[in-house]
Amino acid sequence: AMSKSAVKISSDLLSNPLCEQEPGFLEMVTAFDTAMKRMDSFNQEKVDWLGLKKGRAGALSHPFSRFSSVFPSLNMAVKRREQTLQDYKRLQSKVEKYEEKERTGPVLAKLHQ
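The rules behind the values
Within each chain, residues carry numbers counting from 1 in the order of the written sequence. Only residues with pLDDT of at least 70 get local features here, since the model is predicted, and only at 80 or more are side-chain atom pairs given and counted; chain-wide, interface and lining totals rely on the full set of residues. Derived side-chain values reflect all non-hydrogen atoms in the structure, with water molecules and hydrogen atoms excluded from consideration. Under the DSSP-based scheme used, a helix requires at least four consecutive residues in state H or I and a strand at least two consecutive residues in state E, with every element numbered from the N terminus. Categorising residues by exposure relies on relative accessible area from a 1.4 Å probe, with only protein chains included: less than 20% of the type maximum marks a residue as buried, more than 50% marks it as exposed, and the intermediate range marks it as partly exposed. What makes two residues a contact is simply this: any of their non-hydrogen atoms within 4.5 Å. Surface accessibility in these figures is a Shrake-Rupley result with a 1.4 Å probe; residues are shielded only by whichever protein chains are displayed. UniProt positions are given in the numbering used here, feature names are shortened, and annotations may be inferred rather than shown by experiment. The quantity called pLDDT is the predictor's confidence in a given residue, expressed from 0 to 100. For this analysis, a salt bridge means a side-chain nitrogen from Lys or Arg found within 4 Å of a carboxyl oxygen belonging to Asp or Glu.

A few points about the overall build of the chain
1) Next: The number of helices and strands found in the chain is six helices and zero strands.
2) Next: Going from N to C terminus, the chain has its helices and strands arranged as α-α-α-α-α-α.
3) Next: Across the 113 residues in the chain, those meeting the buried criterion constitute 12%.
4) Next: Contacts spanning at least 24 positions in sequence make up 28% of the contacts within the chain whose residues lie at least 6 apart.
5) Next: For the chain, the computed accessible surface area is about 9,400 Å², with 60% contributed by carbon and sulfur atoms.

Right under this line is the structure:
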């Protein structure tokens, strides 16, 4: 979307009457227009190559989900990793909570468990 906007801006600049009056400005705007069109073309090639227009964006974000039935051990490893990550975040928040509390005997004991 950003490159499409840049192409629109560059084409609008080319139609500006100032381009007819100033050859230096016309040359600069033409170079800008060419660069924006090349950038848009490159971005479009990337989108086409990745298959985002064809609705395969989910395959990019979760590439293992397609193979979960083929490789059940992979699916289990992903689930174990997610569970471990959730446990880590939960325990990290507890540690932060205890670190913020007053340093008394019971709090220090829980902090060093």
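Some points on the UniProt feature "coiled-coil region" (unreviewed entry) in the chain
1) Next: Within this numbering scheme, the UniProt entry marks residues 74–101 as carrying the feature "coiled-coil region" (unreviewed entry).
2) Next: Secondary structure within residues 74–101 divides into 96% helix and 0% strand; the distance between the first and last C-alpha atoms comes to 41 Å.

Looking at the confidence of the model for the chain
1) Next: For the chain, per-residue confidence averages 76 on the pLDDT scale, and residues scoring 70 or more make up 75% of the total.
2) Next: Averaged pLDDT values over the elements of the chain bottom out at 49 in helix α4 (residues 57–61) and peak at 85 in helix α5 (residues 72–100).

Considerations on the pattern of salt bridges
1) Next: The final tally for this structure, using the stated rule, is three salt bridges.
2) Next: For the salt bridge of Asp 33 with Lys 37, the shortest nitrogen-to-oxygen distance reads 3.2 Å. Residue Asp 33 and its partner Lys 37 are both found in helix α3 (residues 23–50); the two are separated by four residues, about one turn of the helix.
3) Next: Assessed through its relative accessible area of 5%, Asp 33 is described here as buried.
4) Next: Among the salt bridges present, the one from Asp 87 reaches Arg 90, with a minimum N-O distance of 3.7 Å. Residue Asp 87 and its partner Arg 90 are both found in helix α5; the two are separated by three residues, about one turn of the helix.
5) Next: Classification of Asp 87 by relative accessible area gives partly exposed; the value is 28%.

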